[in-house]
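# Commentary on secondary and tertiary structure
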Amino acid sequence: DQQRNAAFAGLSHFGEFWAIFRDNLFEAMKDLLPGAGVLSFLSSTYDTARIVQVDALAAGRLSPSLYTGYYFLFPHTWIELSGCAVAMFQALRIAALWVRTAGRPRFVRFIAAHVFSSVCLVALVILVAAAFEEGEVVMGSFGFLSWIPFGLVLLAVFETRSAL
């Protein structure tokens, strides 16, 4: 919380949202690198956990491990981690497509289109995660209420998927 306050000092809510989106998008785009993406994800997850734990110690709050787990109580964490998982899966898929389609006609166009669509999908998921994260900050102690729209979105996705 102290680091967050220092990092976002003087920013509007939109400025905070944009900073969250930009930083998380950068991390997620690194996850799109075949092979290296998994290592990037592990490294950034570990670094984030350590920063949160140091913040917990500095604030004298819950134990560092419990404080780290506290972040999993909010939807933005699940959305953001889903975006990173999608990025890593897409990286592996792109690598597999590269191996299977190398040398075929329009190979470069096919791979480029797949990379572009993967970047757009991951960016969209990270955008939604950033919106939820900033919304949770604005709502303060009522941040848990953000599970309501999250649940409605999940319900809509599953209902739409079952209708197909």
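A brief structural summary. (Residues numbered from 1 in each chain as written. Predicted model: local features only at pLDDT ≥ 70, side-chain atom pairs only at ≥ 80, totals over all residues. Heavy atoms only, no water.)

### Points about the overall build of the chain
- Of the regular secondary structure elements, the chain holds 7 helices and 0 strands.
- Each helix and strand of the chain, placed in order from N terminus to C terminus, yields the pattern α-α-α-α-α-α-α.
- Summarising its shape, the C-alpha atoms of the chain cover approximately 60 × 35 × 30 Å along the three principal directions.
- For the chain, contacts bridging at least 24 residues in sequence account for 65% of all contacts bridging at least 6.
- Looking at the chain as shown, the accessible area adds up to about 10,400 Å², and 72% of this sits on carbon and sulfur atoms.
- The centroid of the 11 positive side-chain charges in the chain is displaced by 16 Å from the centroid of its 12 negative side-chain charges. (Helix = DSSP H or I, 4+ residues; strand = E, 2+ residues; numbered from the N terminus. Contact = heavy atoms within 4.5 Å. Areas by Shrake-Rupley, 256 points an atom, 1.4 Å probe, with all protein chains shown as cover. Lys, Arg positive; Asp, Glu negative; His and termini not counted. Charge placed at Lys NZ, Arg CZ, Asp CG, Glu CD.)

### Side note on a nonpolar patch on the surface
- A surface patch of nonpolar side chains, amounting to about 560 Å² of accessible area, comprises Y70, F72, L73, W78, F144 and W147.
- Within the element layout of this structure, Y70 appears in helix α4 (residues 64-70).
- Take Y70: its relative accessible area is 31%, and that puts it in the partly exposed class. (Patch = residues over 30% accessible without salt bridge, like charges linked within 9 Å, V, L, I, M, F, W, Y side chains within 5 Å. Salt bridge = Lys/Arg side-chain N within 4 Å of Asp/Glu carboxyl O. Buried < 20%, exposed > 50% of the residue type's maximum accessible area, 1.4 Å probe, protein only.)

### Re the nonpolar core
- One finds F17, I20, F21, A28, L32, A87, V122, I126 and A130 forming the largest nonpolar core, which totals 9 residues.
- Listing elements by their share of this core, those giving two or more residues are α2 (13-31) and α6 (107-139).
- Element by element, the count of residues in this core is highest for α2, at 4 residues.
- Filtering out sequence-adjacent residues up to four positions away, V122 remains in contact with A28, M29, G83, V86 and A87. (Core = buried A, V, L, I, M, F, W, Y, C linked by side-chain atoms within 4.5 Å.)

### Brief notes about the environment of M88
- Inspection of the secondary structure assignment puts M88 in helix α5 (residues 75-101).
- Owing to a relative accessible area of 15%, M88 belongs among the buried residues under this scheme.
- Considered as a pair, M88 and K30 are 58 residues apart in the sequence and their alpha carbons are 9.0 Å apart.
- In this view, M88 contacts D31, G37, V38 and F41; residues no more than four positions away in its chain are not counted.

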